[in-house]
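# Overview (structure and organization)
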Amino acid sequence: MNKFLFATLSLAAAMSLNAAVHATVNGSDITDKDIAFTLAAMPGVTLEQLPKDTQKKVIDETISRKLLLDEAKKSGLEKTDEYKAALEEVKDNIALDLWMKRIFDNVKVSENEISDFYNKNKAEFAVPAQVKAKHILVAAEKDANDVIAALKGLKGDALVKKFEELAKAKSTDQGSAENGGELGWFGQSQMVKPFADAAFALKKGEITAKPVKSNFGYHVILKEDSKAAGTVGLNEVKPQIEGNLKMEKFRNDIRKRGDELRAKAKVEYK
């Protein structure tokens, strides 16, 4: 049922988007409306919410779809009876899409409903303690000790700058190396235990005094910052809660309307 509801809203949602241009292909713009069709397989996700590399893949896939569409039109398909018959069938789907979008747009969620949901489900918004860190990964312990020696005595910006240089030059973790070893924020359970234990034990601005061995190799870690465990504030999650409650109300409304119409209808199975 959920997939059906999301699918029926996808076309109408695309029609209401601002037409921001993400690329051009053969002089034709690739806009948010084009992107929406590619993202239909990922309900509730916007392009901006995706990682940069995934955004690029979505745009590339949309470009391919545009090129294939142009090729289909050039084939003269639109003049065929087959196309015209299919178009008539699609009109019914468009009518249903637009009608359901009207219902969805009219669903209201009050401030009290949002705050009540938040207060009753605070455990869902709990955030564990986190650390932000950079690392340099090498295969041999000697190489890790050489890195530590090269960083000895440095502090503050000088330490960060040198660490980033060494990460780009020596780290075997290619994903983080190009960003100076940056790993971003992570919880203790998100990293292998030796690495997590070492990172959480450091003070802000410190590097590990000895190489940290894991099944990936030897790490030199620079702790950039930390956050204590806590709960995400209502204002931060308000849009998410509002969207979820609105979708839940919409589903219930559509289900109720469907049941009422079915009860009045004359249905014959053959």
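From a predicted model like this one, the values you see are computed outputs, not experimental measurements. (Residues numbered from 1 in each chain as written. Predicted model: local features only at pLDDT ≥ 70, side-chain atom pairs only at ≥ 80, totals over all residues. Heavy atoms only, no water.)

## Regarding the side chain of Lys134
Relative to the assigned elements, Lys134 resides in strand β4 (residues 130–138). In this structure the side chain of Lys134 is engaged in a polar contact, spanning 3.1 Å, whose partner is the side chain of Glu164. A distance of 3.0 Å separates a polar atom in the side chain of Lys134 from a polar atom in the side chain of Glu182. Residues within four places of Lys134 in sequence aside, it is in contact with Val160, Phe163, Glu164, Asn179, Gly180, Gly181, Glu182, Leu183, Val220, Ile221, Leu222 and Glu224. (Helix = DSSP H or I, 4+ residues; strand = E, 2+ residues; numbered from the N terminus. Polar contact = N/O pair within 3.5 Å; in protein donor to acceptor, adjacent residues only side chain to side chain. Contact = heavy atoms within 4.5 Å.)

## Examining the confidence of the model for the protein chain
For the protein chain, the mean per-residue pLDDT works out to 90, and 92% of the residues sit at or above 70. Per-element confidence in the protein chain ranges from a low mean pLDDT of 47 for helix α1 (residues 2–15) to a high of 98 for β4. Confidence drops under pLDDT 50 across residues 1–8; counting only partners more than four residues distant or on other chains, this segment forms 16 contacts. (pLDDT = per-residue confidence, 0-100.)

## Section: the UniProt feature "domain: PpiC" (unreviewed entry) in the protein chain
Per the UniProt record, "domain: PpiC" (unreviewed entry) is found at residues 128–225. For residues 128–225, helix accounts for 40% and strand for 28%, while the C-alpha atoms at its two ends are 14 Å apart. (UniProt positions renumbered as here; feature names shortened; annotations may be inferred.)

## Digging into the pairing of strand β7 (residues 217–227)
As a general feature of sheets, a regular strand has side chains that alternate between the two faces. As judged from the 9 bridges shared by β4 and β7, these two strands associate in the antiparallel manner. Paired with Ile136 across the two strands is Val220, which belongs to β7. In this sheet, β7 lies alongside strand β6 (residues 212–214) in antiparallel orientation, the contact comprising 3 bridges. Counted as the bridge partner of Lys213 is Tyr218 from β7. Hairpin remark: β6 followed by β7, antiparallel, with 2 residues in the connecting loop. (Pairing = 2+ DSSP bridges.)

## Observations regarding the packing of aromatic side chains
The full count for this structure, using the stated rule, is 4 aromatic pairs. Judged by centre distance (5.4 Å) and plane angle (85°), the rings of Phe104 and Phe250 are edge-to-face. One end of the pair, Phe104, is in helix α4 (residues 81–105); the other, Phe250, is in helix α10 (residues 234–264), and 146 residues separate them in sequence. Assessed through its relative accessible area of 0%, Phe250 is described here as buried. With a centroid separation of 6.0 Å and an interplanar angle of 55°, the aromatic rings of Phe186 and Phe195 are classed as tilted. Phe195 sits in the buried class, given a relative accessible area of 3%. Each member of the aromatic cluster is reached from another via a ring pair, and the members are Phe186, Phe195 and Phe200. (Phe/Tyr/Trp six-rings, centres within 6.5 Å; stacked < 30°, edge-to-face > 60°. Buried < 20%, exposed > 50% of the residue type's maximum accessible area, 1.4 Å probe, protein only.)

## A look at the packing of α4 against α10
One way to put it is that α4 packs onto α10 with a least axis distance of 9 Å and a crossing angle of 125°. Judged by the inter-axis angle, α4 sits oblique to α10. Remark: the crossing between α4 and α10 carries right-handed chirality. Contact residues: Trp99, Met100, Ile103, Phe104 and Asp105 in α4; Lys246, Met247, Phe250, Asp253, Ile254 and Arg257 in α10. Of the residues that constitute the contact of α4 with α10, the class distribution is 7 nonpolar, no polar and 4 charged. (Axes fitted to C-alpha atoms, helices over the stretch in contact; angles between N-to-C directions. Parallel < 35°, antiparallel > 145°, perpendicular 65-115°, else oblique. Left-handed = near helix turned anticlockwise from the far one by under 90°. Nonpolar A, V, L, I, M, F, W, Y, C, P; charged D, E, K, R; others polar.)

## A short note on the pattern of salt bridges
What the rule picks out here adds up to 14 salt bridges. Residue Lys193 is joined to Asp197 by a salt bridge in which the shortest nitrogen-to-oxygen separation is 2.6 Å. Taken together, the positions of Lys193 and Asp197, both in helix α9 (residues 193–201) and 4 residues apart, correspond to about one turn of that helix. Overall, the relative accessible area of 60% leaves Lys193 in the exposed class. The salt bridge involving Glu268 is made with Lys266; its shortest N-O contact spans 3.5 Å. The partly exposed category is assigned to Glu268, whose relative accessible area is 48%. Take Lys266: its relative accessible area is 73%, and that puts it in the exposed class. A single salt-bridge network, built from bridges that share partners, covers Lys134, Glu164, Glu182 and Glu224. (Salt bridge = Lys/Arg side-chain N within 4 Å of Asp/Glu carboxyl O.)

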